[in-house]
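# Architecture and fold: a report
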Amino acid sequence: MSELANLCWDLSYAEARAMQTTLASQVVQRDDLPEIRRVAGVDVGFEDKGLVTRAAIAVLAFPGLELLDYTIAKVPTQMPYIPGLLSFRECPAILEALAQLRVQPDLLLCDGQGIAHPRRFGVACHVGVITGLPAVGVAKSRLCGKSDTLSEEKGARVDLWDNNEVIGSVVRTRSATRPLYISIGHRISLNTAVHYVEACLTRYRLPETTRWADALASNRGKAVARANQILAH
């Protein structure tokens with residue numbers, strides 16, 4: 001898979017938009033899943049004033065959510081920040097991180113959008129289509145679309161709409177906290193995507209997949225040392 005990280009990502013605005021439109025037609029919006037025994041969280045950040053892209057992936061057992069493997073990859077950033085085209089900045093590092101894993105995931109939970117995107121092709125779709133892996137977009141904020149008012153109760157859910165199309169679900173994963181915006185990435189239906197995100201929750205707003213990947217990416221709370229200790233046993 002490492003050769004995928006070497007694809008040409010430095011595209012013009014028009015070329016990138018055209019590629020999104022083409023690849024969006026390849027997104028499978030139905031359940032086409034293996035048995036889910038390993039779920040992975042994917043998180044991306046930037047270093048050195050944006051010149052370096054950093055991707056962290058944490059693979060957890062499912063449904064127990066024990067850490068099985070992790071990796072952190074850093075690659076030169078190949079595309080400037082352009083709203084709506086963030087996956088072109090993030091994918092090279094994600095693909096490199098996936099190539100370094102010793103334990104391969106059955107499902108990716110990406111910190112970002114799936115089809116809840118103006119051209120229906122966020123980072124979860126991009127990674128899913130390129131790798132063929134089932135993927136879900138688990139975003140902390142809305143990129144596009146509208147929804148009805150969401151109850152403050154944990155488990156509340158409403159559809160996210162755009163141009164008369166359901167593009168995702170707004171889900172309250174913890175009472176009186178900001179919701180998550182869950183959408184199809186690849187090879188999964190929306191209801192199943194929500195199911196797996198909820199199944200990866202503990203007592204926090206974010207699923208454990210995202211929490212591990214985010215902590216590892218920033219080494220918050222000495223997460224790398226903790227992960228190494230867990231995997232050593």
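These lines cover the structure that appears in this document, whether it is placed above or below. (Residues numbered from 1 in each chain as written. Predicted model: local features only at pLDDT ≥ 70, side-chain atom pairs only at ≥ 80, totals over all residues. Heavy atoms only, no water.)

The next point concerns the nonpolar core. Core analysis: the biggest nonpolar cluster contains 38 residues, and V39, L107, V136, I182 and L216 have the highest contact counts within it. Apart from the residues lying within four places of it in its own chain, the contact partners of V39 are A58, V59, L60, F62, L65, L107, C200 and T209. (Core = buried A, V, L, I, M, F, W, Y, C linked by side-chain atoms within 4.5 Å. Buried < 20%, exposed > 50% of the residue type's maximum accessible area, 1.4 Å probe, protein only. Contact = heavy atoms within 4.5 Å.)

For the rest of this paragraph, the subject is the pairing of strand β8 (residues 180-186). Of all seven residues that make up β8, seven are buried, and the element is covered over most of its length. As defined by bridge partners, strand β7 (residues 165-171) adjoins β8 across three bridges and the pair is classed as antiparallel. Bridging from a neighbouring strand, V171 pairs with L180 of β8. (Helix = DSSP H or I, 4+ residues; strand = E, 2+ residues; numbered from the N terminus. Pairing = 2+ DSSP bridges.)

With that settled, consider the packing of aromatic side chains. Following the criterion strictly, the structure yields one aromatic pair and no others. One cation-aromatic arrangement involves R89 over F46; the distance from NZ or CZ to the ring centre is 4.2 Å. (Phe/Tyr/Trp six-rings, centres within 6.5 Å; stacked < 30°, edge-to-face > 60°. Lys NZ or Arg CZ within 6 Å of the ring centre and 35° of its normal.)

What follows concerns the packing of helix α5 (residues 208-218) against helix α6 (residues 223-232). Direction vectors running N to C along α5 and α6 enclose 120°, while the axes themselves pass 7 Å from each other. Comparing their axes, α6 and α5 come out oblique. Of the residues in α6, those in contact with W212, A215 and L216 of α5 are A223, V224, R226, A227 and I230. Class assignment for the residues of the contact of α5 with α6 results in seven nonpolar, no polar and one charged. (Axes fitted to C-alpha atoms, helices over the stretch in contact; angles between N-to-C directions. Parallel < 35°, antiparallel > 145°, perpendicular 65-115°, else oblique. Nonpolar A, V, L, I, M, F, W, Y, C, P; charged D, E, K, R; others polar.)

On to the sheet that holds strand β5 (residues 135-139). Taken in spatial order, the eight strands make up an open sheet running β3-β2-β1-β4-β5-β8-β7-β6, and their pairing is mixed. Both edges of this open sheet fall to β3 (67-76) and β6 (157-162), since each of them pairs with a single strand only. Neighbour to neighbour, the strand axes of the sheet diverge by 25° on average, direction disregarded. With four bridges connecting them, strand β1 (residues 38-47) and strand β4 (residues 107-110) associate as parallel partners. Bridging from a neighbouring strand, G41 pairs with L109 of β4. Sheet strands in contact with α5 are β1, β2 (52-61), β3 and β4, and its direction is about 140° off that of β2.

With that settled, consider the pattern of salt bridges. As enumerated under the stated definition, the model contains ten salt bridges in all. With a closest N to O distance of 3.3 Å, D106 and R38 form a salt bridge. On the criterion of sequence distance, the pair formed by D106 in the loop between α2 (86-100) and β4 and R38 in strand β1 is long-range, its members being 68 residues apart. For D106, a relative accessible area of 11% translates into the label buried. (Salt bridge = Lys/Arg side-chain N within 4 Å of Asp/Glu carboxyl O.)

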